[in-house]
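Here is what each chain is made of, one letter per residue.
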Amino acid sequence: MFWLQVSTLVLVNVLIASMLLIRPARAAHSGAGEGSLNVWQLIEQVEAERQRQAVSTGRHHLAPETFARLQI
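Summary of the structure given here.

What counts, and at which threshold
- Residues numbered from 1 in each chain as written.
- Predicted model: local features only at pLDDT ≥ 70, side-chain atom pairs only at ≥ 80, totals over all residues.
- Heavy atoms only, no water.
- Phe/Tyr/Trp six-rings, centres within 6.5 Å; stacked < 30°, edge-to-face > 60°.
- Buried < 20%, exposed > 50% of the residue type's maximum accessible area, 1.4 Å probe, protein only.
- Helix = DSSP H or I, 4+ residues; strand = E, 2+ residues; numbered from the N terminus.
- Expected span 1.5 Å × (residues − 1).
- Salt bridge = Lys/Arg side-chain N within 4 Å of Asp/Glu carboxyl O.

This part covers the packing of aromatic side chains. Counted by the stated rule, this structure contains one aromatic pair. For the ring pair Phe 2 and Trp 3, a centre distance of 5.1 Å and an interplane angle of 70 degrees mean the geometry is edge-to-face. Like Phe 2, the residue Trp 3 is exposed in the burial classification.

Let's shift gears to helix H2 (residues 39-54). Counted at 1.5 Å a residue, the expected span for H2 with its 16 residues is 22 Å, and the 23 Å between its end C-alpha atoms agrees. With respect to burial, H2 is a largely exposed element, only zero of its 16 residues being buried.

To continue, consider the pattern of salt bridges. Per the stated rule, a full pass over the model turns up one salt bridge. As a salt-bridge pair, Glu 47 and Arg 50 come within 3.5 Å of each other at their nearest N and O atoms. Taken as a pair, Glu 47 and Arg 50 lie in helix H2 at a separation of three residues, close to a single helical turn.

Set out below in structure tokens:
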């Protein structure tokens, strides 16, 4: 009985260690060719575009609050 418990304990530890050290392959949709983007890359691109649009450009750029006050 002792050896059964020891072997079970060792096998469980090996299983846990293998799950922590070996990462499974990431699933991908079939037909995704070279140059295809994943969701995280698309999110980064959208955020970068929003940042570029939010940053004021030029010396004579009006702030949104000023522009709103000027409109009649």
